[in-house]
Amino acid sequence: MKLIRTDIYENLKMALDTLRANKLRSFLTVFGVMIGVITVMLISSIISGVDTTVKKELESYGTNSIFIIKFNSGIHIGRMSREERMRKDLTYDDAVALTGLPAVELSVPFLDISNNFFGQKIMISGPGKTSAAIAIQGTLPDFERAGTQIVKEGRFFTQYENDNNEEVAVIGSSVGQDFFPYGTPVGNEIEIGGRQFRVVGVLEKREQFLLGGGDDDQNNVIYVPFNVARKLKPSSNDVYILAVARKGMMDEAQDQITDLLRVRRQVPFGKPDNFGLQTAELFLSSFRSILSGVAIAMVVISSVGLMVGGIGVMNIMLVSVTERTREIGVRKAIGAKRSDIMWQFLIEAATLTGFGGLVGLSIGWLLTFLLRLVLPSYVPLWAPIGGFVASVGIGLIFGIWPAWKAARLDPIESLRYE
Amino acid sequence: MSDATLTSPAVEPVVQPEPPRPHDAGSLISMRNIWKTYEMGSEKVHALHGVSFDIPKGEYIAIIGPSGSGKSTLMNLIGCLDTPSQGEYWLNAKNVSEMDDDELARIRNQEVGFVFQTFNLLARATALHNVELPLIYGGVSSAQRHEMAKKALAAVDLTDRMMHRPNELSGGQRQRVAIARALVNHPSILLADEPTGALDSRTSMEIMDLFERLHSEGNTIIVVTHEPDVAARAHRVVSIRDGLIEKDEKSR
């Protein structure tokens, strides 16, 4: 045991000497390994960043929130089936009916009127700006109780205003900044589809997912009373529902909602639901299944890099064995066993790739700092450890053949080698 | 292999070897009826035709012979780099002829100190580290290794050159480092293969003087050479020709 330990330390010293003596060659050899490790570092940190950001984003919608849509929930890939596209809409009445469920705290319908009946964007204009790129949603004042949107200034509209078709609006923070650059928007008017709405409240700014902006800007939104929206777009039934479960009753709420909607939408027994429930948790798990696919792709890509690097290492080690045939002969003459020579070259290969791994880790580390400028991310601990272990492992695996060739050299022949 | 290829072809030897005696337990080296046969394609070539001799401890012996005589083959066998095809080789009361690779490596490490014509030092290592090398393979601890290597370098008067690399040393100094490396493990034999072949005559003299001194200190020295001057310094000369011992004479 003591012998082995001495060997590793001595061999490490020798390997570092060899590395120093052939700087350029060593660097070029381990380039593939470096790239592989950099890839691992970067992609793992991107995945971690996207994961935490999405998680935070989803949690801001409330962990007790359940979104109900007429389509299947989850992340869609490809076209929807004909059955799914032909489904009947959810209705205002559905939303009201859900309110009566014991596990449901509240339930509000949303009607998207960003596009008019003809599919054109509705124009919005205020003192500062005229634009069509704003999401307009009709909803009920109960929405405020869901806690996902907080009124920063003014108030939410009331049930009375909804019932009396009053043209009032609660606007997102971006809308407030863009359309009312001077002074407060509250009490002022904003024109939506040719009608004058009175702004009664401005919402607090929400955290953005990635860089956000454009149509995806969570703050670029206007909420109007549901009845008013219905009047602006009488034929539309593009309703989705936000239900909030009572505390600790998330599972019960989902079961009750599913049961009730199956009855209301006349789903025959044994047939799948013709609607979808979406929760932060569900979305996160389906999102994570995509992320894990990306992670597997990453492992494959960086493995290819590491393999290519490994072949390079094997090549250079074979050259090194040939160059040092005489040295091997001398070592054997003065008492090196086959295993000693084997270890020497294995450790040399592992040192070479391990060094490449360390350089890759440092470069990857720097790059993740740059990444953090655009994506709040961290490097998961397994990435540098795994990267380093993999690069050393590559050296050990691809060093086996050259080391074995060195170990079985005949000492007499080797000593005579010129 | 050049020696072997030039040796007489695969006819059975005309000269019958002396009848094998049991090995001499008192000798450091005891070779009994050693054959070495190489297969060159379908042909068998005998490099040694049943060689027997003894070397007592503390002897200074030269092995001479023209190229192709089997001299190098004999040296490789004595140095435990190779095993005989037939016959028994006892080194320091151990039967080397039946050892496997790892056991041979251990014997080379403990019992044999090699000195080569071209020194064969590690170019990137200091003189001290070169001398430590056999101790590393012998499993000696780092601190002890240092001490032993320093002592061995002092014995060849290189204390002030310990931290120099081979390319910073003269030929004679390099050969002295190599001798220190050969002696550092206190081996049973010092086996030198043309130790002065790469040196000028003045430096050769120095090295031969050093051998003489080492011998007087009790070391067993075997020099393989084809230079009569070098052989003349030894106290016993064994001449090899065509794979057999031609002459074995004590000069002093």
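Residues numbered from 1 in each chain as written. Chains lettered and ligands numbered in written order. Predicted model: local features only at pLDDT ≥ 70, side-chain atom pairs only at ≥ 80, totals over all residues.

Colleague: For this particular structure, what's the right way to read the overall build of chain A?
Modeller: Broken down by element type, chain A carries 14 helices and 12 strands. By the compact-globule yardstick of 22 Å for 418 residues, chain A is too spread out, its C-alpha radius of gyration being 33 Å. With respect to the principal axes defined by its C-alpha atoms, chain A has extents near 105 × 60 × 40 Å. Among the 418 residues that make up chain A, the fraction classed as buried is 40%. Look at the contacts in chain A between residues 6 or more apart in sequence, and 83% of them connect residues 24 or more apart. (Helix = DSSP H or I, 4+ residues; strand = E, 2+ residues; numbered from the N terminus. Rg over C-alpha atoms; globule rule 2.2 N^0.38 Å. Buried ≥ 20, exposed ≤ 12 C-beta atoms within 10 Å, placed from the backbone. Contact = placed C-beta atoms within 7 Å.)

Colleague: It is not clear to me how the overall build of chain B should be interpreted in this structure. Could you clarify?
Modeller: Tallying secondary structure elements over chain B gives 8 helices and 10 strands in all. Counting over 252 residues, chain B shows a buried share of 47%. Considering only contacts in chain B between residues 6 or more positions apart, those separated by 24 or more positions represent 70%.

Colleague: How should I be thinking about the sheet that holds strand E3 (residues 60-64) of chain B in this particular structure?
Modeller: Hydrogen bonds between backbone atoms are what pair the strands of a sheet, whose relative direction is either parallel or antiparallel. Residues and elements named next belong to chain B. Within the open sheet, the 6 strands sit side by side as E6-E7-E8-E3-E9-E10. Their pairing is mixed. Whereas interior strands pair on both sides, the edge strands pair on one side only; in this sheet they are strand E6 (112-115) and strand E10 (244-250). Ignoring strand direction, the axes of neighbouring strands in this sheet form an average angle of 20°. Both E6 and strand E7 (residues 189-193) contribute to a ladder of 4 bridges, which runs parallel. Along E7, the bridge assignment pairs Val115 with Ala192. (Pairing = 2+ DSSP bridges. Axes fitted to C-alpha atoms, helices over the stretch in contact; angles between N-to-C directions.)

Colleague: Sorry if this is basic, but what is going on with the environment of B:Asp102 here?
Modeller: Checked against the element boundaries, B:Asp102 lands in helix H3 (residues 101-111). Given 12 C-beta atoms within a 10 Å radius, B:Asp102 is considered exposed.

Colleague: How do you make sense of the sheet that holds strand E5 (residues 94-95) of chain B when you look at a structure like this?
Modeller: Residue and element names in this part refer to chain B. An order of E2-E1-E4-E5 is seen for the 4 strands of this open sheet, with the pairing classed as antiparallel. Pairing within the sheet leaves two strands with one partner each, and these edge strands are strand E2 (43-55) and E5. As paired elements, strand E1 (residues 29-40) and E2 share 10 bridges and run antiparallel to each other. Note that in E2 the partner of Met40 across the bridge is Glu43.

Colleague: Can you help me understand the interface of chain B and chain A in this one?
Modeller: It is common to give the size of an interface as the accessible area lost on bringing the parts into contact. Each partner contributes residues to the interface: chain B has 20 residues there, and chain A has 19 residues. At the level of secondary structure, the elements contributing two or more residues to the side of chain B that touches chain A comprise H3 and helix H4 (127-137) of chain B. Element by element, the count of residues in the side of chain B that touches chain A is highest for H3(B), at 6 residues. Its residues placed into classes, the side of chain B that touches chain A shows 8 nonpolar, 5 polar and 7 charged. (Nonpolar A, V, L, I, M, F, W, Y, C, P; charged D, E, K, R; others polar.)

Colleague: What is the right way to read the nonpolar core from this model?
Modeller: One broad trend across soluble globular proteins is that nonpolar side chains are buried collectively. Membership of the largest hydrophobic core comes to 113 residues, with the highest contact counts inside it found for B:Ile63 and B:Ala180. Those residues in contact with B:Ile63 that lie beyond four places of it in its chain are B:Lys71, B:Leu74, B:Met75, B:Ile222, B:Val224, B:Val238 and B:Ile240. Formed by 52 residues, the second largest nonpolar core is a distinct cluster that contains A:Ile113, A:Phe179, A:Val221 and A:Val228. (Core = buried A, V, L, I, M, F, W, Y, C linked by C-beta atoms within 7 Å.)

Colleague: Help me out: how do you make sense of the confidence of the model for chain A in this one?
Modeller: In the predicted model, chain A carries a mean pLDDT of 86, and 94% of its residues have values of at least 70. In the predicted structure, residues 210-215 of chain A sits below a pLDDT of 50 and forms 6 contacts with residues beyond four places in sequence or in another chain. (pLDDT = per-residue confidence, 0-100.)

Colleague: Hey, could you run me through the pairing of strand E4 (residues 86-91) of chain B in this one?
Modeller: Where a strand is regular, its side chains alternate between the two sheet faces. All names here are of chain B. Strand direction decides the pairing type here: E1 and E4, joined by 5 bridges, are antiparallel. Residue Ser30 lies in a different strand from E4, and its bridge partner there is Trp90. Taken together, E4 and the strand that follows it, E5, pair antiparallel across an intervening segment of 2 residues, in which Asn92 is found at a positive phi of about 50°.

Colleague: Any chance you could explain the packing of helix H5 (residues 92-99) of chain A against helix H9 (residues 250-264) of chain A here in plain terms?
Modeller: Between two packed helices, the angle of one axis relative to the other and the distance separating the axes together describe the packing. Residue and element names in this part refer to chain A. One can describe the packing of H5 onto H9 by two numbers: an axis separation of 11 Å at closest approach and a directional angle of 140°. With respect to H9, the axis of H5 lies oblique. H5 and H9 meet at a crossing whose hand is right-handed. Facing Asp94, Ala97 and Leu98 of H5, the residues of H9 in contact are Ile257, Leu260, Leu261 and Arg264. (Parallel < 35°, antiparallel > 145°, perpendicular 65-115°, else oblique. Left-handed = near helix turned anticlockwise from the far one by under 90°.)

Colleague: Explain helix H2 (residues 71-78) of chain B here, please?
Modeller: The periodicity of an α-helix, 3.6 residues per turn, causes residues three or four positions apart to be oriented the same way. Residue and element names in this part refer to chain B. Across the 8 residues that make up H2, a large majority, 8, are buried. All of the buried residues in H2 are Lys71, Ser72, Thr73, Leu74, Met75, Asn76, Leu77 and Ile78. One or two positions beyond H2, positive phi appears at Cys80, with a value near 60°.

Colleague: Before we go on, may I ask you to explain the packing of helix H6 (residues 171-183) of chain B against helix H7 (residues 201-216) of chain B in this structure?
Modeller: Residues and elements named next belong to chain B. Direction vectors running N to C along H6 and H7 enclose 20°, while the axes themselves pass 9 Å from each other. On the basis of the axis angle, H6 is roughly parallel to H7. Pair H6 / H7 crosses with right-handed handedness. Along its contact with H6, which presents Gly171, Gly172, Gln175, Arg176 and Ile179, the element H7 presents Thr203, Glu206, Ile207 and Leu210.

Colleague: Any chance you could explain the domain arrangement of chain A here in plain terms?
Modeller: Per the domain assignment, the segments making up chain A are domain 1 (2-56 + 292-416) and domain 2 (121-137 + 150-226). A straight line from the C-alpha centre of domain 1 of chain A to that of domain 2 of chain A covers 58 Å. (Domains from an automatic or database assignment.)

Colleague: Sorry if this is basic, but what is going on with the environment of B:Leu77 here?
Modeller: Residues and elements named next belong to chain B. Within the element layout of this structure, Leu77 appears in helix H2. Residue classification places Leu77 among the buried residues on the basis of 24 C-beta atoms within 10 Å. Linking Leu77 and Tyr89, residues 12 residues apart in sequence, is a C-alpha distance of 8.4 Å. When near neighbours in sequence (up to four residues on either side) are disregarded, Leu77 contacts Ile34, Lys36, Asp82, Pro84 and Tyr89.

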